[in-house]
Amino acid sequence: MTDSESLAALSHRFPKNFLWGVASSAFQIEGAAATGGKGASIWDDFCRIPGAIADGSDGQIACDHYHRLDADLDLIAGLGVKAYRFSISWPRVQAMGSGPSLKSGIDFYNRLVDGLLLRGIEPYATLYHWDLPAELQRKHQGWADRSTAYRFAEYAALIAHALGDRVRSFATHNEPWVTATLGHELGIFAPGVKNRGIAMQVAHHCLLSHGLAAQAMRSARRSVDVGIVLNLSPVYAASASLADHRVAAREDGLLVRWYMDALLRGAYPRDVLEYLGADAPQISAGDEQLIAQSLDFLGVNYYHPIICSVARPFSHAREGVPVTDMGWEVAPASFTELLVRLDRDYDLPPLYITENGAAYRDVLVEGGVEDPERRAYIESHVSAVADAIGQGVDVRGYFLWSLLDNFEWASGYTKRFGIYYVDYATQARTLKRSGVWFKNLAAAFHRERTGAALAAELRP
Ligand code: IFM
């Protein structure tokens, strides 16, 4: 099969309205950290802690996307994709996390949304991708305090008013497990707290804030679609031992069922609450019903499976398997398995793959980046999504992570996930070979679909 035949064959495995897109997040690319009265976020504070970020970097400039908006939107349009997932920086819109919105912040997101629509690209907005206004953390304990959930709902309503006439799809949170567990239990992400009880309270408040925000947005604008984005993985025991299987069941409870059950069944899993004991969160009467607002969609971020043993309860790869530059196992079949399992176990709304992609050690040679491993990763995972669709899972879109190389949180700029290579010294962007492949896939898909639509029209 030639390359173009195999792209056509792959693209045929997706339904005709399937959406191809790329994704990013505010703190990771925008820079302009204090422009226009923008407030600091907890990541600005966290980056100042010695040793917190691998290369000692921060998000002050990042990809300077704020100042290069139009050129970056042209890059997205140049890929031929029809959707772009971005996040809104809460402290750019409300510097202190409450009160009236900043005109400069709303103007920026207006330009972003209008620029996308002008280029025929559908905006997919996320309200919270980890950059909490620092003020809410410094003065009010951030997500550990219930009041933050109510501040978040006010912010959500404000965004629905400002952008909801042009943006249909809003995800409330990106990966609340990361906010809670990496940010408050392991302390390796902002705000750097290390306390399991606080982490589980944060997990609950994030979910509560999702429910409150969904209500607030829908009353502000009836037309909006509201969903949430979870990082989900199949969780395997590292061996056949009963002890390892017990650890795997527990981790699955904390990573997958905690969030899925709360959102889609209206109750936290009782076995997880029992296991947590004194670390279980305080849940007020009615909270669980509030969290389980109907979802217009569920976003799934998948990168790798989780491997559990008594010795290593949460590992990102089995021994001796191919891994990405993050040390994450390359396991496309686990992606299919995850999607099929979700479909089997829950009454799901439409799914979107809101993130999937890989970091590899890219080098710019003579103006180009050859990244065959990333291309293989993307191809095998796109194919894994097609397998799940083939088994009846309702997946409506796939967003590649990420549009640009960017600030990879605690890894700083040492890990590159982009399909555009970013030279941080000059801010020049170069489409990597994997990006060319993704662009060709989108082109093949749209060509096949247009061809099929034309043929249908011409049929007597
Ligand atoms: O870069 C992150 C993103 O912000 C959230 N999901 C995982 C990506 C890769 O680590």
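Described below are features of the structure shown in this document.

Thresholds applied
Residues numbered from 1 in each chain as written. Predicted model: local features only at pLDDT ≥ 70, side-chain atom pairs only at ≥ 80, totals over all residues. Heavy atoms only, no water. Helix = DSSP H or I, 4+ residues; strand = E, 2+ residues; numbered from the N terminus. Rg over C-alpha atoms; globule rule 2.2 N^0.38 Å. Buried < 20%, exposed > 50% of the residue type's maximum accessible area, 1.4 Å probe, protein only. Areas by Shrake-Rupley, 256 points an atom, 1.4 Å probe, with all protein chains shown as cover. Lys, Arg positive; Asp, Glu negative; His and termini not counted. Charge placed at Lys NZ, Arg CZ, Asp CG, Glu CD. Near = heavy atom within 4 Å. Polar contact = N/O pair within 3.5 Å; in protein donor to acceptor, adjacent residues only side chain to side chain. Axes fitted to C-alpha atoms, helices over the stretch in contact; angles between N-to-C directions. Parallel < 35°, antiparallel > 145°, perpendicular 65-115°, else oblique. Left-handed = near helix turned anticlockwise from the far one by under 90°. Contact = heavy atoms within 4.5 Å. Nonpolar A, V, L, I, M, F, W, Y, C, P; charged D, E, K, R; others polar. Pairing = 2+ DSSP bridges. Salt bridge = Lys/Arg side-chain N within 4 Å of Asp/Glu carboxyl O.

**Section: the overall build of the protein chain**
And step 1. Across its full length, the protein chain holds 16 helices and 12 strands.
And step 2. On C-alpha atoms alone, the protein chain measures out to a radius of gyration of 21 Å, which is about the 23 Å that the 2.2 N^0.38 rule sets for 460 residues.
And step 3. A buried classification covers 59% of the 460 residues belonging to the protein chain.
And step 4. Counting every atom, the protein chain has about 17,600 Å² of accessible surface; 53% of that belongs to carbon and sulfur.
And step 5. Averaged over its 44 positive side-chain charges, the protein chain has a centre that lies 3 Å from the centre of its 53 negative ones.

**Description of the site of the ligand**
And step 1. As a matter of local geometry, the ligand sits amid Gln28, His129, Trp130, Asn174, Glu175, Tyr303, Trp328, Glu355, Trp401, Glu408, Trp409 and Phe417.
And step 2. At 2.8 Å from an oxygen atom of the ligand is found a side-chain nitrogen or oxygen belonging to His129.
And step 3. One nitrogen or oxygen atom from the side chain of Glu355 is found 2.5 Å from a nitrogen atom belonging to the ligand.
And step 4. Expressed as a share of its isolated accessible area of 280 Å², the protein-covered part of the ligand is 95%.

**Some points on the packing of helix α11 (residues 242-265) against helix α14 (residues 332-345)**
And step 1. At a minimum axis separation of 12 Å, α11 and α14 run at an interaxial angle of 40°. As judged from the angle between their axes, α11 and α14 are oblique. Crossing of α11 against α14: the hand is right-handed. Facing Asp252, Val256, Arg257, Met260 and Arg265 of α11, the residues of α14 in contact are Arg341, Leu342 and Asp345.
And step 2. Partitioning the contact of α11 with α14 into residue classes produces 3 nonpolar, no polar and 5 charged.

**Structural notes on the pairing of strand β7 (residues 297-301)**
Within a regular strand, side chains alternate between the sheet's two faces.
And step 1. Across the 5 residues that make up β7, a large majority, 5, are buried.
And step 2. Along β7, one buried face is formed by Phe297, Gly299 and Asn301 and the opposite face, lined by Leu298 and Val300, is buried too.
And step 3. Bridge count between strand β5 (residues 225-231) and β7: 5 bridges; the pairing is parallel. When the bridges of β7 are listed, Leu230 appears paired with Val300.

**Quick word on the pattern of salt bridges**
And step 1. The full count for this structure, using the stated rule, is 37 salt bridges.
And step 2. Residues Asp225 and Arg168 are paired through a salt bridge, measuring 3.0 Å at the closest nitrogen-oxygen approach. Separated by 57 residues along the polypeptide, Asp225 in strand β5 and Arg168 in the loop between α8 (147-163) and β4 (169-174) bring together distant segments of the chain.
And step 3. The class of Arg168 is partly exposed, set by a relative accessible area of 46%.
And step 4. A salt bridge links Asp394 to Arg396; the shortest N-O distance between them is 2.8 Å.
And step 5. Since its relative accessible area comes to 35%, Asp394 is described here as partly exposed.
And step 6. Among the charged side chains, a network of salt bridges with common partners joins Asp252, Arg257, Asp271, Arg341, Arg344 and Asp345.

**Overview of the environment of His204**
And step 1. With respect to the element layout, His204 can be found in helix α10 (residues 196-220).
And step 2. For His204, a relative accessible area of 0% gives the class buried.
And step 3. Sequence-wise, His204 and Ile283 are 79 residues apart; in three dimensions their C-alpha atoms are separated by 7.6 Å.
And step 4. Every residue in contact with His204, bar those within four places of it in the chain, is listed here: Arg146, Tyr268, Pro281, Gln282, Ile283, Asp287 and Ile291.

**Focus on the sheet that holds β4**
And step 1. Here 8 strands make up a closed barrel; going around it, the order is β1-β2-β3-β4-β5-β7-β9-β10 and the pairing parallel. In this sheet, adjacent strand axes meet at a mean angle of 25° when their direction is disregarded.
And step 2. By the bridge criterion, 5 bridges tie strand β1 (residues 19-23) to strand β10 (residues 395-401) in an arrangement that is parallel. Across the sheet, residue Leu19 finds its bridge partner in β10, namely Gly397.
And step 3. Where helix α6 (residues 103-118) meets the sheet, it contacts β2 (83-87) and β3 (122-128), and its direction lies at approximately 170° from that of β2.

**Focus on unusual backbone geometry**
And step 1. Residues Ala190 and Pro191 are joined by a peptide bond in cis, for which omega reads 5°.
And step 2. The peptide bond linking Trp401 to Ser402 adopts the cis configuration, its omega dihedral lying at 20°.
And step 3. Here Ser402 shows up in the loop between β10 and β11 (420-423).
And step 4. Here Ala62, not a glycine, exhibits a phi torsion of approximately 50°, which is positive.
And step 5. The topology assignment puts Ala62 in the loop between α3 (42-47) and α4 (69-79).
And step 6. Take Ala62: its relative accessible area is 5%, and that puts it in the buried class.
And step 7. In this structure, Trp409 takes a positive phi of about 50° despite not being glycine.
And step 8. One can find Trp409 in the loop between β10 and β11.
And step 9. Of the residues examined, Trp409 reaches a relative accessible area of 3% and is grouped as buried.

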